[in-house]
Amino acid sequence: MAKHKITLLPGDGIGPEVTAAVVSIIECAGVDVEWDKYFVGAEAISRFGDPLPQDVLDSILRNKIALKGPVTTPVGTGFASINVRLRKTLDLYANLRPVKSMPNVITRYEDVDLVVVRENTEDLYSGLEHEVVPGVVESLKIITRKASTRIAKFAFDYAQTHGRRKVTAVHKANIMKMSDGLFLQCFREVSQDYPNIEADDKIIDNLCMQLVVNPNQFDVLLLENLYGDIVSDLTAGLVGGLGVVAGANIGEAGAVFEAVHGSAPDIAGQNKANPLALLQSAVLMLQHLGEMGPAKRINDAIEKVLASGPEHRTRDLGGTGSTADFTGAMCETLRKGTRAND
Ligand code: NAI
């Protein structure tokens, strides 16, 4: 495959450590990448006066793909979240979160393997709130045919290209008959174009109950923005939490792959950070780039390394290893796999 040019935003806190780990694992998997590296967040403010300089946006638009580490967002004062700005400016309308059980990440559930697709641009996150009269505020839920159709297509296309058998739309159309009703109607219309993929739907409260009772019954879940925000974290909890799941925000203009955890200032610079979440996002990124072979090799190596000794797992997963120990074990496993195939 040709060399890929990818925008790299290491971020801050543990961001530079986990991105460096992931970059070297991608290299060990034999993927040829030229990284276009930029500062964002506080570092970019001190250098360029903007937490998300135009150069960064231009780079993502040019390369159409970015790998991003976590960025500290000041609380109360300071700059607005660059994650929200990235999503809005680049119209990254689909949020994708695959959720899969992993060896030696102990939870109450086994063999969970589902994907949450969340609409990222509208619903109650449109920011349209106002005071009607003193003591009464209104927050507008915006649902459009255009965005509902586009996200439904995304979910079915994803299901088709990733060998998934079913897409379940999640809603509360029994109460919000117009807004959630439109979302559901668009889903049903789009589903007609995908006869090989089963399409069903669940009311959001029932879905939450069913997810904690038996998550294995679900495959791809399709949700509006607010339900998707909540359910994507609920499902992360089924497989070990935010430290082990991948995230991607995808649009026509480009795609940003990132870990869903934050910058973990408490452990930054101590060689303790777990790169697994960002690595899982990098696997999604490689799949998005059509690098299916390396993506699978990295996935297989993750399974092997997690199943091996505690010295290869970081402390958040109950291991005794460092960031470097996990990264070294991943590269060693990948190299062994390559030699075995020679
Ligand atoms: P956090 O996710 O950074 O940390 C919560 C706890 O999880 C901490 O104890 C931390 O040590 C641990 N942790 C997180 N990631 C880990 C990893 N990879 N390996 C091992 N342990 C890990 O959440 P917190 O403390 O609420 O946020 C810190 C900063 O990160 C804030 O400024 C927040 O705004 C920002 N943030 C950025 C995000 C992004 O850029 N995508 C997402 C979430 C938060």
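1. Section: the overall build of the protein
Link 1 in the chain: Across its full length, the protein holds 11 helices and 12 strands.
Link 2 in the chain: What you see for the protein is a C-alpha radius of gyration of 20 Å, in line with the 20 Å of a compact globule of 342 residues.
Link 3 in the chain: If one aligns the C-alpha atoms of the protein with their principal axes, the spans along those axes are about 60 × 50 × 40 Å.
Link 4 in the chain: Of all 342 residues assigned to the protein, the portion counted as buried reaches 52%.
Link 5 in the chain: Considering only contacts within the protein whose residues lie at least 6 apart along the sequence, 73% involve residues at least 24 apart.
Link 6 in the chain: Carbon and sulfur atoms make up 53% of the accessible area of the protein, which totals about 15500 Å².
Link 7 in the chain: Across the protein, 35 positive and 43 negative side-chain charges occur, with their mean positions spaced 2 Å apart.

2. Observations regarding the state of the cysteines
Link 1 in the chain: Taken as a whole, this structure holds one disulfide when the rule is applied.
Link 2 in the chain: In this model Cys28 forms its disulfide with Cys331; the gap between the sulfur atoms is 2.1 Å. Across the S-S bond of Cys28 and Cys331 the torsion is about 90°, and the bridge reads as right-handed. Residue Cys28 is located in helix α1 (residues 15-28), and its partner Cys331 is located in helix α11 (residues 323-341); the two are separated by 303 residues in the primary sequence.

3. So, the packing of aromatic side chains
Link 1 in the chain: Taken as a whole and assessed by the stated rule, the structure comprises three aromatic pairs.
Link 2 in the chain: Measuring from centroid to centroid gives 6.2 Å for Tyr93 and Phe154, while their planes differ by 80°, and the two rings are edge-to-face. With Tyr93 in the loop between α4 (82-90) and β4 (94-100) and Phe154 in helix α5 (residues 145-161), this pair connects stretches of sequence that are 61 residues apart. Residue Tyr93 shares its accessibility class with Phe154, and that shared class is buried.
Link 3 in the chain: An aromatic cluster is built from Phe156, Phe187 and Tyr194, whose rings are joined through pairwise contacts.

4. Re the sheet that holds β4
Link 1 in the chain: Across the sheet, 10 strands lie side by side as β2-β1-β3-β12-β11-β4-β5-β10-β8-β9; this open sheet has mixed pairing. Edge strands, defined here as strands with exactly one partner in the open sheet, are β2 (33-37) and β9 (198-203). With direction set aside, neighbouring strand axes in the sheet form an average angle of 25°.
Link 2 in the chain: Both strand β8 (residues 166-171) and β9 contribute to a ladder of six bridges, which runs parallel. The residue bridging Thr168 from the neighbouring strand is Asp200, located in β9.

How each quantity is defined
- Residues numbered from 1 in each chain as written.
- Predicted model: local features only at pLDDT ≥ 70, side-chain atom pairs only at ≥ 80, totals over all residues.
- Heavy atoms only, no water.
- Helix = DSSP H or I, 4+ residues; strand = E, 2+ residues; numbered from the N terminus.
- Rg over C-alpha atoms; globule rule 2.2 N^0.38 Å.
- Buried < 20%, exposed > 50% of the residue type's maximum accessible area, 1.4 Å probe, protein only.
- Contact = heavy atoms within 4.5 Å.
- Areas by Shrake-Rupley, 256 points an atom, 1.4 Å probe, with all protein chains shown as cover.
- Lys, Arg positive; Asp, Glu negative; His and termini not counted.
- Charge placed at Lys NZ, Arg CZ, Asp CG, Glu CD.
- Disulfide = S-S within 2.5 Å.
- Phe/Tyr/Trp six-rings, centres within 6.5 Å; stacked < 30°, edge-to-face > 60°.
- Pairing = 2+ DSSP bridges.
- Axes fitted to C-alpha atoms, helices over the stretch in contact; angles between N-to-C directions.

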